[in-house]
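# Coordinate analysis (summary)
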Amino acid sequence: MNRAYLDKLFTVVLAGVLAGLALAAAALPAALVFGLGVKNLMPYTALPEALKSPQPAQRSNLYANDGRTLITSFYVEDRVDVPVGEVAPVMRDAIVAAEDVRFYEHHGVDVRGVARAFTANRREGTRQGASTLTMQYVRNALAGDPRLTEEQRAAATEITVGRKIREMRYALTLERQVGKDEILGRYLNIAYFGAGAYGIAAASKRYFSTTPDRLTLAQAALLAGLVRSPADDPINGDADAARQRRAYVLDRMVETGRASAADAEAAKATELALKPNTTPNDCAAVPADHNDWGFFCDWFTQWWNAQPAFGENVDERQRTLRRGGWKIVSSLDPDVQAKASEQVREIYPETIARAAPTAVVQPGTGRVLAMAVNRTYGTAANPAGQQNYPNTVNQLVAGGGGITGYQAGSTFKLFALLAALEAGLPLDTEFDAPRVYVTQYPVGAGPASCGGRWCPENANTYWMDGDRDMWDAFGRSVNTYFAWLTERVGADRVVEMAQRLGIVFRAPADARMAREGAGSWGPFTLGVSATTPLDLAGAYAAVAAEGTWCRPTPVASITDAAGRKVAAGDTDCRQVLDTEVARAAADASRCPVGDQSMYRRCDGGTAEELAPGLRRPVAGKTGSSERNATETVVAFTPQLSVATIAANPDDPRDAVGGGVQKRQIAAVGRILAWSLRDEPVRDFVPPGQAVAFQRTSPRTGN
């Protein structure tokens, strides 16, 4: 009988012993050898994907836009892979000494260990193992591969002879195809070290707040000892047992020549010196001093859950997020976020039920730099009847999850303006705006109904009535002018324009009206549909970007665990407006905020105090819903778009009143000024004379 055959025989004998089949041990060799045959004891010819290209669960990290500031992490297992070269040599030596002293001598299965364990188990009635480090890695890799089914993963750890044989055969095959150092590195990345730390990187951080390349001898020995007994972790378990395991590892390192006796004794005498460090998990774990990041983080998860690239459904996408080891560099700018949060609390403090959700969006990319609201992100109890005050995890800024949004009033006049310009009407289109204008649109009973027809009126007869063009009608927010303009171009075109620029109808009644009755929805022009600050900032950002609308995104880039950039993190931008139409709309939008159009046609605005304080070209619009139930301010430059809406999310009957708009204007101006303080002053490109003064055929090309 040759040596190779004896090796296989001993291997099979140990498999039976380790399976707990002590009573049948004597009969096992013959039964297996003759029942399975030598062929079934040979190495496999190929490896499964779990071993060929392992994908152990790794935590995903969400960073701010600098790529360094951690917002939070997402994981089911706290693990981040590191190359074996970035692990301190002393840690590599410690794990080999603790788990497999002959690791660099065997070929995946240690025949000596098998024989020793077989003899000891038969003589002493104990259960001495002989799993090599390679075999342990095979077991862990198969048990943790997310590509396998639950049944397949369970089979990797079942106590059976068949499992042990498969494990050995895979180990032999693996060592034929993969180098020893690579196997060691994979093992260190997949092993569980207790206290919720999977892999050497997470363990180094969890116990000592350090990185694997900086581990000392004492630290490495402690961690190596925990692999065999993770329940003894000194943070949550038994510190004395952990010290004993550390001493055992140090002794083994001395025996195998991997540490000197003096160094080992010094390490044994060293205090554990733990510096526990927990890794945040999910949005509720954002840093306590940055609680306001929670709303952005929550919206990021909404965004991720909607991306088909990460799975067929929400459950799959969440598993991908929590196991995939993604590095997600978000669009969140901590500096802009801090200023936005500060200014939102100047509009409303946290001590009142009214809210001022605010969004800051970058034109041309759609990246969301800040999402702020005067609320605490969390699930702590609220007073009776208050779902969103003072604590909430609901998406007050971006909508969704039951939040349909708020009426934004006259800010929706932008969509009528754009529809008219696109239809070929120029900016100097004049209309003698009356105090009340009776339209063709049917409405029910109410203050804006004249014999069943929608008949809006101007809020200030002296200041708004009379001969107006698009510049001063937009600047002074003349209701009757825009009701007339909507009739000229068609309400359905106004609704379609809003949808084209990213306005989402989350309220069922609004969605139904847009789908079935857009042609008769004249009041839409005055902002009776619910929207959100994020949608609104994104729509105005498209005008700032000369007609390029970008889907609002919370990410700047996404890379997978191997460092490859994935397309799902790219911006989603498209040209939705003729460039000249967008430039003309921007020109008219300078009038409401106290700036001057390129053709010097602005004559009064509803937020004239904004531009002088900013001292750079700016455009925007204000809006008030009926009875001042909500108040809205949007402002933009070529580099930034900001929208804020004052409302009571829990009680629409609680009218916020017109007085809050002054504070909103001031807050938006300060956010813009702070965010752009180091940016060059950029002006809007003036529209051509044709779009300003000549009626043409529809301007739909670019």
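Only a predicted model underlies this, so the values are computations on that prediction, with no experimental measurement involved.

## Remarks on the overall build of the chain
Regarding its fold elements, the chain presents 27 helices and 19 strands. Taken over C-alpha atoms, the radius of gyration comes to 34 Å for the chain, far larger than the 27 Å a tight globule of 702 residues would show. Residues counted as buried form 56% of the 702 residues belonging to the chain. Contacts spanning at least 24 positions in sequence make up 72% of the contacts within the chain whose residues lie at least 6 apart. Put simply, the chain shows about 28200 Å² of open surface, and 49% of that area lies on carbon and sulfur atoms. Of the side-chain charges in the chain, 76 are positive and 77 negative, and the distance between the mean point of each set is 6 Å.

## What to know about the packing of helix 11 (residues 217–228) against helix 12 (residues 239–255)
One can describe the packing of helix 11 onto helix 12 by two numbers: an axis separation of 8 Å at closest approach and a directional angle of 110 degrees. Taken as axis vectors, helix 11 and helix 12 run roughly perpendicular relative to one another. Where helix 11 approaches helix 12, its residues L217, A218, A221, L222, A224, G225 and R228 are matched on the opposing element by A242, R245, R246, V249, L250 and M253. When its residues are assigned to classes, the contact of helix 11 with helix 12 shows 9 nonpolar, 1 polar and 3 charged.

## What about unusual backbone geometry?
A cis amide bond, omega -5 degrees, links Y389 with the succeeding residue P390. Its location among the elements puts P390 in the loop between strand 6 (376–377) and strand 7 (391–392). A positive phi angle, near 55 degrees, is found at R600, a position not held by glycine. Residue position: R600 is located in the loop between helix 24 (579–589) and helix 25 (610–614). Residue R627 is not a glycine yet carries a positive backbone phi of 60 degrees.

## Some thoughts on helix 4 (residues 89–99)
The buried count for helix 4 comes to 8 of 11 residues, which makes it a mostly enclosed element. On its buried side, helix 4 packs onto helix 6 (133–144), helix 9 (180–190), helix 10 (199–208), helix 11 and helix 12.

## A look at the state of the cysteines
Applying the stated rule across the entire model yields 4 disulfides. Two residues, C283 and C297, share a disulfide whose sulfurs are 2.1 Å apart. Measuring handedness by torsion sign, the sulfur bridge of C283 and C297 sits at about -80 degrees and is left-handed. Of this pair, C283 sits in the loop between helix 13 (261–268) and helix 14 (293–305) while C297 sits in helix 14, placing them 14 residues apart in sequence. Taken as a pair, C283 and C297 share a single burial class, namely buried. What pairs with C450 in a disulfide is C455, and their sulfur atoms sit 2.0 Å apart. Residues C450 and C455 are joined by a disulfide whose S-S torsion is about 80 degrees; by sign, that bridge is right-handed. Taking the relative accessible area as the measure of exposure, C450 reaches 30% and is therefore partly exposed. If one numbers only the bonded cysteines of the chain, in the order they occur, the disulfide pattern is 1-2, 3-4, 5-6, 7-8.

## Section: the nonpolar core
Grouped together as the largest cluster of nonpolar side chains are 105 residues, with contacts concentrated most on F415 and Y481. The element best represented in this core is helix 23 (residues 533–544), accounting for 9 residues. The next biggest cluster of nonpolar side chains, apart from the first, holds 60 residues, and it includes V82, V96, Y187 and L272.

## Comments concerning the environment of N394
The topology assignment puts N394 in the loop between strand 7 and strand 8 (406–407). Taking the C-alpha atoms as reference points, N394 and F684, separated by 290 residues in sequence, lie 36 Å from one another. Not counting residues within four places of it along the chain, the set of residues in contact with N394 comprises F295, N388, G401 and I403. A polar side-chain atom of N394 sits 2.7 Å from a polar atom in the side chain of N388.

## Quick notes on the confidence of the model for the chain
For the chain, mean pLDDT is 90; residues scoring 70 or higher make up 91% of the total. Contacts from residues 1–38, a stretch scored under 50 in pLDDT, to residues over four places away or in other chains number 60 contacts.

## A short note on the sheet that holds strand 1 (residues 60–63)
If you walk across this open sheet you meet the 4 strands as 2-1-3-15, and the pairing is mixed. Lying at the two open borders of the sheet, with one neighbouring strand each, are strand 2 (70–74) and strand 15 (555–559). Taken over all neighbouring pairs, the strand axes of this sheet differ in orientation by 15 degrees on average, direction set aside. By the bridge criterion, 3 bridges tie strand 1 to strand 3 (residues 327–330) in an arrangement that is parallel. Its bridge partner being in strand 3, Y63 is matched across the sheet by V329. In the packing of helix 14 onto the sheet, contacts are made with strand 1, strand 2, strand 3 and strand 15, and the angle to strand 2 comes to roughly 45 degrees.

## Some words on the packing of aromatic side chains
Note on aromatic pairs: each is described by the distance of the centres and the angle between the planes. On inspection of all chains with the given rule, the structure shows 28 aromatic pairs. Ring geometry for F300 against W304: centres 5.9 Å apart, planes inclined by 55 degrees, an arrangement best described as tilted. Of this pair, F300 and W304 both sit in helix 14, 4 residues apart, roughly one helical turn. The buried category is assigned to F300, whose relative accessible area is 0%. A residue is classified by how much of its surface remains accessible, and W304, at 0% relative accessible area, is buried. An aromatic cluster of three or more residues is present, and its members are F74, F300, W303, W304, F310 and W326. Above the face of the Y63 ring, K327 is positioned so that its terminal group lies 5.6 Å from the ring centre.

## Some remarks on the pairing of strand 4 (residues 358–361)
Along a regular strand, successive side chains alternate from one face of the sheet to the other. Burial along strand 4 is two-sided: T358 and V360 facing one way and A359 and V361 facing the other are all buried. Pairing of strand 4 with strand 5 (residues 368–372) involves 4 bridges; the strand directions are antiparallel. Within the sheet, the bridge partner assigned to V361 lies in strand 5 and is V368. Taking the residues that link successive antiparallel strands as the turn, the strand 4-strand 5 hairpin has 6 residues, and the phi of G364 there is positive, at about 85 degrees. When strand 4 meets strand 19 (residues 641–646), the two strands line up antiparallel, connected through 4 bridges.

## Thoughts on the pattern of salt bridges
Side-chain pairing between opposite charges can occur once the charged atoms of the two side chains come close. What the rule picks out here adds up to 36 salt bridges. Across the pair R139 and E167 runs a salt bridge whose closest N-O atoms are separated by 2.9 Å. With a gap of 28 residues between them, R139 in helix 6 and E167 in helix 8 (residues 161–177) connect regions that are remote in the sequence. Overall, the relative accessible area of 3% leaves E167 in the buried class. Salt-bridge contacts for E496 lead to R500; the nearest nitrogen and oxygen are separated by 2.8 Å.

Conventions used here
Residues numbered from 1 in each chain as written. Predicted model: local features only at pLDDT ≥ 70, side-chain atom pairs only at ≥ 80, totals over all residues. Heavy atoms only, no water. Helix = DSSP H or I, 4+ residues; strand = E, 2+ residues; numbered from the N terminus. Rg over C-alpha atoms; globule rule 2.2 N^0.38 Å. Buried < 20%, exposed > 50% of the residue type's maximum accessible area, 1.4 Å probe, protein only. Contact = heavy atoms within 4.5 Å. Areas by Shrake-Rupley, 256 points an atom, 1.4 Å probe, with all protein chains shown as cover. Lys, Arg positive; Asp, Glu negative; His and termini not counted. Charge placed at Lys NZ, Arg CZ, Asp CG, Glu CD. Axes fitted to C-alpha atoms, helices over the stretch in contact; angles between N-to-C directions. Parallel < 35°, antiparallel > 145°, perpendicular 65-115°, else oblique. Nonpolar A, V, L, I, M, F, W, Y, C, P; charged D, E, K, R; others polar. Disulfide = S-S within 2.5 Å. Core = buried A, V, L, I, M, F, W, Y, C linked by side-chain atoms within 4.5 Å. Polar contact = N/O pair within 3.5 Å; in protein donor to acceptor, adjacent residues only side chain to side chain. pLDDT = per-residue confidence, 0-100. Pairing = 2+ DSSP bridges. Phe/Tyr/Trp six-rings, centres within 6.5 Å; stacked < 30°, edge-to-face > 60°. Lys NZ or Arg CZ within 6 Å of the ring centre and 35° of its normal. Salt bridge = Lys/Arg side-chain N within 4 Å of Asp/Glu carboxyl O.

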